[in-house]
Each structure stands twice: as C-alpha cells, then as structure tokens.
Amino acid sequence: MSRDRDGGPSPFPVAVRPPGVAPGAPGAGGERRARVRDLGGLLGVVAAAGGLAAVLAVLAGAVGWGLAVRSLAALAVLAVVHGGLVALAAPRVGTAVRIVLSVVLGLATAGIAVWLSGVVDWFALRWFVAAAPALAWLHPSARAAWWPGAAAGDWRDRIGHHGPALWGLAVAWALAARALAGYYSPVGDGGPFRQFYVDLPWHIALTAEALDRAPTVYPWIPDVGIGYSWLFFGTLGLLGNLSGATAAQLVLSVGPALLALVVPAALVACTWVAGRSRLAAGLAPVVFSLARAPLFGHTEGVQITPQWVLINRDATNAMVLAVVLLLVVRRQHTAGRAEPARRPAAAPFLLVVFLIAFAAAGSRGGAVVPILGAAGLSWLLSLRNGDERRDTTWSLSVIGLAVVCATVAVTRSSGSFRVDPLSFLPVQVAAWGPIPVATLASLVVMLAMTGAVALVGRWLPPARPAVPVLAGAALAGIVGLTLFGHPSFSQLYFFHAGWPVIVVGLALVLAVAVGALGPLVLLVLAVGVLAAQVLLDPPDLLPPTPWPIRLAVVAVLALLVIGGLTAALARVHGWRRTTALTLPVLLLALQPWALPEVVHPAAVVTAAPTQGSVSDGQLALLAELRERSDPDDLVATNKHCLGGTVATGTCDARWFTVAAFAERRVLVEGWSYDYTWTSSGNDNLEPYWDPALLRANDGFIADPGPATCRVLRDAGVRWIFVDHREPWSPRIADFAEPVGAVEDASLYRLDEECA
C-alpha cells in the first residue's frame, strides 16, 4: 500500500490477485497471457511427468520395472483408501493437496497398523487397521469433495494456474533422480565385498521385523522388546507386504525413491495452502533441493539435505509438513476464510492430525519438537479469540496426546531429549578460542530466517493465518537443536524436521520479493549465493587464502555488487520497500548451496574384506536362508562385532547383518541400538548382558558339543549361520545338516535331537 517511492504507511506490497484471475486488463493482452499461462501449465505437466518417470527409471534400474511399478501402485492404494477421510478433514483444499495429504496419511496409518499388529501379536491385524479409513468413503461429503462436478471449472485453467508448482516438482524430481542414481550405483574400487553405512543394516533389520512378523522385539537381540523411533519401518513393512519387496530393497531402493517423490509434493502443497502463491509453490521444492541449511561447519555429512539419504527423516519431513498444512487450514477456517458449507468437521480433522502426529513422533524423535511448536505458538497467539482459542486448544491437545502416546507405546525411550546445549556443531570454520563461532553464527542465521518467515504475513496477507504455524515449527526446531543432545552429529535431527517449514516460509518471502521488485531481485540472490559459496566452500580454481582474508575480500565485492543492484531497484520501487524485501532474500543466500549428491553412500564396494564388510557370497547365502526358513525361525550366528572382539572387551556391537538380510530373528547378533527406558542404546562397547548365553552360542560354533547344542535347541534355534572370519569348527555338521556354503560362510539346519 505504497503511495510513492518512499512514502505511505507501509513499505510492503499488499495487493493480492484473487486465484484464477489473470493479471492485467481484460482484452486481447489478457487473453494472450492466459494462453501463455495455459501452455506453461501443460508443459509443466509434461515436465513433471518426465521427472516422475526419471525417478521411476532410476528405481527400476535398481530393482526392476515390476517392483518399481508395484511400489508406486502400493502408495496409490494407500492414498485411495485414505482419500475419503482426508476429504472429511479438509474439504476446502484442492484436489492435488488432498492427494498429497492422502499419501502422507496412508504412510502414517500403515506404520500404526503394523505397530498394532505387534501389540496384539497378530500379523493379520495390520490389514484391518490399514483398511479401516476406507469406511469414510461411505459418507456422502467424502465422495462429493472428490467429484465436485461442474463447479470444478475448466481443467486447463487449473493446470495453467498451477504451472509454476508443476515446474518446481519437475526440477526437484529430476534432481532427486540424479542423486538416487548416485546412491544406487556402486562406490569404491570394485570387488565382492560391501561395507554398508553403519545404520543401514539396522534399518533393514527393523524393516524385516515389520515385514515378516508382528513386531515385538529387536530381531538382533530378541530378548529385548522393540522400542526406539521405528514406526516408519513399520510403514515400509506394509509397503513390502503390498509390493513384494524385500526389507533390503525397501530400505536401500524403494523407500528413498518414493519419498523423493512425496517430500517435494508435500512442500508444494504446504506452500500453496500457506500463502496462495503460485510462484512460491514452485520455488519451495527447488530451494529445498539445492539449499543445505545454515550449518557452518566443514565436516562431511553436516548438512541437511536430500544429499544424505535418510528415509525416516524424509518420511517425518513429509508428516510434519502435513501437520503444518492441516493446522494452517484450521486457522484459515477460524479466521473466517472458509465458506460455512466447506468448513472441515472437527472430529475427522482431529483424527487425521492425531494419526499423522503419532506416526511422526513414533518414527523420529526430532519430529516431536516442530509439531509441538507449530501447535503451541498458534495456541498462544489465539488466547484473545474465543473461537480460535477453542480450535487451537483442541489441536494442541491432540498433538500433545499423540506425542505422549507414541513415546510411551512405541519409542519407549526419552533418550533423544537429553539436554546438552550447543553441542550440535563442535567443528568450526574458524577456531577462535573456546567460543563456538560456527555454532553461534549458524543459530543467528537460523533465527533471522525464522524472523523473516514471521514477517511474511505483513507482505502477503493470505499467509497471515499460516505465520504462527510456520514460525512456531521453525523456532521449535531451532530450540530443539540448541538444547538437546545426541551422539555424534545426530543432534541435527532436531532441526531436520523444522528446515522444510523454514523453506516454505522463505519461498513465500522470495515470491513476494519477485512480485514486488521484479526478476532483478533474483540476481541479488544469485550474488549472495555465490558469495556464500566462495566463503564457505571455495572452488579449487581459487588460490588458497586464510579465512579472514577471504571473508574481507568476499564481503567487499559482494557489498559493492549487491549495493549497485539494490540502488537500481530503489530508483523504481523506493528505498524502504527495496530494503525491506532484499534483506530477507539475502538471508536465504546465507547457507551452503549445491546440486543434490550422496554424502554417505549405501555401501562401498571393495576388493579386499574388512571386519565390517559383507561378501556377495554371504549375501547370497543369507538370501537362501530367507527362502528356506519360516519368518518365525530363530538363527544363531558367531559374528557380533562391527569392530574389535568380544574377548578383548572392544566389541563394537553394531552388527545386524543376519537379522537384516536373512530377515530372521537371531539368538544373539549385535546388541547395540537397544533403545529402552533403561538403555540409551548408544554404548556400542557395552558387553552383552547374558554372558552365559553368549558363551554357549559362540562355544557351540567354535567347539560343538551336545551341551551347547541343547542350549541353542532349547532356545528355539533352527538355523546356524557361520561367518568364517570368527572361530568355528566344521564339526558343526555332527549336530546340524549342512545346507549351503561359500568361501567365507556356511549355513546349517540344527538337528532337533542334537545328533
């Protein structure tokens, strides 16, 4: 509402065009612009289909076209089953947004269904729970929301209207396909041995427990009830039941590909609902794909990404975005923006919020803080408004209940919330004494970005109901990152779930700046990005220089160029408006930027074995064990350590290979990562708590005898998988039937009479 370049009550643009109204005056010019817009939308459909096909092609290269198509079909089935309930919970959102919500709700309910099947120890229960939301289709309002008839308008107009979002999805999916191709490709010098990233066999074993059985225990130590944030691996288990994928395929290939499709779509949906900005909806997935968040350290892996493939993080990112989207929709309703006939019913809305929040909290502890922050800040700011206070109180109560229930019933551990302030980034860009410069600088930029998100409602009135939700989630993620600790750099998990929400807000800021100042503001952003890159990660072409000198040179040059561009913009738009909008845009630049890449490959392939490697022969033998055995069969093995030995007390007990790739429970394999109320699960050198059982297990394989054989038989062991790197004796054949063997491993079926 600016009357001249420097005057007026506000420097911010407030003119917002109603959705579907073409810019400019009616007539030939408006018609031409409408045709161009429609053509851009149709091309966007083609581009988005190409991006989708690229991801599927990469997945098919890893698992085959049959499984790739079945996996996508399984996701579609979950979406269809939950579409009716989503329509009752959010009837006024568009069809595309409902599809995204249905997919995310389907993933959430799948995990809950598998968890409940473990609670009652009945495998088939998962099918009843997963299918139950389909009953919502019996309600006439659910069907009417999906088939609105003539009121839907012209499909070409809708596609043209959302052309930028389609192009944003196309770019994000194409970049994801590129990253996945690198993730699936072998890394290393070639050979028959694979060194998996340490957490992946653990994730595969959890998925196997959910895929093959009603999950009740950790499969690598079945004397401990399952806990930890494992619910998403239950989701993978149900997807595997629907598609026929193995646990390894789900974790290593199918899960990353499906979530590479879902997360950008969730970003688009959340951004559109929050601000009704077509440009912002297109920018959000692109920014998320290229930006790595303001974490100013130089240690590999200290990034937020798609660069570091973490499927449970990606799943909870989608769930947090869905919760944020639903809370925004509810605030829009209470702000009077929803038509009375289209207001979401309270019960379906609260049920959907509960299910997604429960699944998020049960899938990753880091997701708890942002969803509580989103609901909590909305509640605090609604205390003066009766209707709004009632709605936000219900939302906060339901989310709080979901978090408590997931913590008590699923994770059974509060270890993720150990207080350890400012521990998240001990590695500094510049080591200036005891002051954690990089940590503090990261926090300052994160808080400044959150401040820009909090101000977006002044610049874009349709986004005002969304501001408390977005800012609350972002601020809570930063607080969690600052206060809570976790082993290694994993405390970054508390910011992972908040970062996509910040990207939503920053995309709205950038779209407002482009709309108000023109495309030239993108050049300001480009200069800022270039300066940040030279400062944080200088290219090899530049001569090496001390960091303070590089800082001074980059700052001077960037200020000169940005100052000139800002002056040019100010001549047209006024200094107040230009400054108010270019500063938040420059905040967006203050982070590392790069094309998506895989920082931690799934496996490194080597020609020589190591203590932590698995040979192709062993993987084939484990696959044979999976085919020959029943899901409830118990296996004994003699390898327990990723590194070190049991005898010397140096065993790193993060070894889960048999439980992962055979998909069977193991009497004693590794015994780390046993998160419970009494165990943090992180003391990897802690000895096994039942040394007599461990001695009998290893003693039978190293020096077989009737006594130790009976111990294993009485414990329920049916199979023996022998790793030849550990002590073993071929006399096992006196007590067990040889089934298969490779150079470095052998497989036996234990005789029931130990004879």
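Residues numbered from 1 in each chain as written. Predicted model: local features only at pLDDT ≥ 70, side-chain atom pairs only at ≥ 80, totals over all residues. Heavy atoms only, no water.

Tell me about the overall build of the protein chain, and please be specific about residues and values.
Within the protein chain one finds 26 helices and 13 strands. Residues classed as buried in the protein chain amount to 57% of the 755 residues present. Taking contacts inside the protein chain between residues at least 6 apart in sequence as the whole, the part at least 24 apart equals 77%. Per element, the accessible surface of the protein chain, about 29100 Å² overall, is 66% carbon and sulfur. (Helix = DSSP H or I, 4+ residues; strand = E, 2+ residues; numbered from the N terminus. Buried < 20%, exposed > 50% of the residue type's maximum accessible area, 1.4 Å probe, protein only. Contact = heavy atoms within 4.5 Å. Areas by Shrake-Rupley, 256 points an atom, 1.4 Å probe, with all protein chains shown as cover.)

Residues and numbers for unusual backbone geometry, please.
The backbone of Tyr-228 sits at a positive phi, close to 65°, despite the residue not being glycine. Along the chain, Tyr-228 turns up in the loop between strand S4 (221-225) and helix H9 (231-243). A relative accessible area of 14% means that Tyr-228 is categorised as buried. Look at Ala-293: it is not a glycine, yet its phi comes out positive at around 75°. Considering the arrangement of structural elements, one finds Ala-293 in the loop between helix H11 (278-290) and helix H12 (311-334).

Outline a nonpolar patch on the surface, listing residues and values.
On the surface, Val-77, Val-119, Val-120, Trp-122, Trp-127, Phe-128 and Leu-242 cluster together into a nonpolar patch covering about 670 Å² of accessible area. Tracing the backbone shows Val-120 in the loop between helix H3 (95-119) and helix H4 (125-131). You can call Val-120 partly exposed: its relative accessible area is 49%. (Patch = residues over 30% accessible without salt bridge, like charges linked within 9 Å, V, L, I, M, F, W, Y side chains within 5 Å. Salt bridge = Lys/Arg side-chain N within 4 Å of Asp/Glu carboxyl O.)

Can you break down the sheet that holds strand S8 (residues 614-615) residue by residue, with the values?
The four strands are arranged S1-S7-S2-S8 in an open sheet whose pairing can be described as mixed. What marks the edges here is a single partner per strand, and that holds for strand S1 (187-188) and S8. Where strand S2 (residues 193-196) lies against S8, two bridges are found, and the strand directions are antiparallel. From the neighbouring strand, Phe-193 faces S8, where its bridge partner is Ser-615. (Pairing = 2+ DSSP bridges.)

Account for the packing of aromatic side chains, naming residues and giving values.
Within this structure, the stated rule accounts for 18 aromatic pairs. With a centroid separation of 6.3 Å and 40° between ring planes, the pair formed by Trp-137 and Trp-146 is classed as tilted. Plain terms: the ring middles of Trp-202 and Tyr-228 are 4.8 Å apart, the flat faces sit at 45° to each other, and that makes the pair tilted. Here Trp-202, found in helix H8 (residues 199-212), pairs with Tyr-228, found in the loop between S4 and H9; they are 26 residues apart in sequence, far enough to count as distant. (Phe/Tyr/Trp six-rings, centres within 6.5 Å; stacked < 30°, edge-to-face > 60°.)

Now, about the confidence of the model for the protein chain: what can you tell me, with residues and values included?
Averaged over the protein chain, the pLDDT score is 86; the fraction of residues at 70 or greater is 88%. Counting interchain partners and residues more than four positions distant, the pLDDT-below-50 stretch residues 1-26 has 50 contacts. Counted against residues more than four places away or in other chains, residues 427-433, with its pLDDT under 50, gives 20 contacts. (pLDDT = per-residue confidence, 0-100.)

Could you give an account of the pattern of salt bridges, with specific residues and numbers?
Counted according to the given criterion, the structure contains 15 salt bridges. Taking the shortest distance from any N to any O, the salt bridge between Arg-331 and Glu-388 comes out at 2.4 Å. Residue Arg-331 is located in helix H12, and its partner Glu-388 is located in helix H15 (residues 386-411); the two are separated by 57 residues in the primary sequence. A relative accessible area of 12% means that Arg-331 is categorised as buried. Salt-bridge contacts for Glu-624 lead to Arg-628; the nearest nitrogen and oxygen are separated by 2.9 Å. Of this pair, Glu-624 and Arg-628 both sit in helix H23 (residues 616-628), separated by four residues, roughly a single helical turn. Look at Arg-628 and you get partly exposed, because its relative accessible area is 45%. Put simply, Glu-209, Arg-213 and Arg-665 are held in one network by salt bridges that share partners.

Tell me about the pairing of strand S9 (residues 634-637), residues and numbers included.
In S9, alternate side chains face the same way, and those of Leu-634 and Ala-636 on one face and Val-635 and Thr-637 on the other are all buried. Across two bridges, S9 lies against strand S10 (residues 665-666) in parallel orientation. Considered in S10, the bridge of Val-635 is made with Val-666. With four bridges joining them, S9 and strand S11 (residues 717-723) adopt parallel strand pairing. Its bridge partner lying in S11, Thr-637 is registered against Phe-721.

I'd love a proper account of the sheet that holds strand S12 (residues 736-742), names of residues and values included.
Backbone-to-backbone hydrogen bonds pair the strands of a sheet. The strands run either parallel or antiparallel. Taken in spatial order, the five strands make up an open sheet running S10-S9-S11-S13-S12, and their pairing is mixed. One side of each edge strand has no neighbouring strand; the edge strands of this open sheet are S10 and S12. In this sheet, strand S13 (residues 745-750) lies alongside S12 in antiparallel orientation, the contact comprising six bridges. Note on S13: the bridge partner recorded for Pro-738 is Tyr-748.

Please provide a residue-by-residue account of H11, values included.
Along an α-helix, residues three or four positions apart point the same way, because every turn accommodates 3.6 residues. The sharpest bend along H11 comes to roughly 25°, located at Ala-284, with the proline Pro-285 sitting one to four residues further on. Taken residue by residue, H11 has Ala-280, Ala-281, Gly-282, Leu-283, Ala-284, Pro-285, Val-287, Phe-288 and Ser-289 as its buried positions. Contacts from the buried residues of H11 go to helix H7 (163-184), helix H10 (247-275), H12, helix H19 (499-517) and helix H22 (575-589). (Bend = angle between axes of the 7 residues up to and from the residue.)

Any details on the side chain of Arg-126? Residues and values, ideally.
Tracing the backbone through its elements, the reader meets Arg-126 in helix H4. Nearest to the buried, unbridged Arg-126 among oppositely charged side chains is Asp-212, at 8.0 Å. Within polar-contact distance, the side chain of Arg-126 engages the side chain of Ser-117 at 3.4 Å. At 2.8 Å, the side chain of Arg-126 forms a polar contact with the side chain of Asn-241. Each residue touching Arg-126, except ones within four places of it in the same chain, is listed here: Ala-113, Val-114, Ser-117, Ala-210, Leu-211, Arg-213, Ala-214, Pro-215, Leu-238 and Asn-241. (Lys, Arg positive; Asp, Glu negative; His and termini not counted. Polar contact = N/O pair within 3.5 Å; in protein donor to acceptor, adjacent residues only side chain to side chain.)

Residue-level account of the packing of H19 against H22, with values.
Between H19 and H22, whose axes approach to 9 Å, the crossing angle comes to 140°. If you check the angle between H19 and H22, you find them oblique. Here the hand of the crossing between H19 and H22 comes out left-handed. Contact with H19, carried on its side by Leu-506, Val-509, Leu-510, Val-512, Ala-513, Ala-516 and Leu-517, involves Arg-577, Thr-578, Leu-581, Thr-582, Pro-584, Val-585 and Leu-588 of H22 and no other residues of that element. Classifying every residue of the contact of H19 with H22 gives 11 nonpolar, two polar and one charged. (Axes fitted to C-alpha atoms, helices over the stretch in contact; angles between N-to-C directions. Parallel < 35°, antiparallel > 145°, perpendicular 65-115°, else oblique. Left-handed = near helix turned anticlockwise from the far one by under 90°. Nonpolar A, V, L, I, M, F, W, Y, C, P; charged D, E, K, R; others polar.)

How would you summarise the state of the cysteines if you had to cite specific residues and measurements?
Taken as a whole, this structure holds two disulfides when the rule is applied. Taken N- to C-terminal, the disulfide-bonded cysteines of the protein chain are connected 1-2, 3-4. (Disulfide = S-S within 2.5 Å.)

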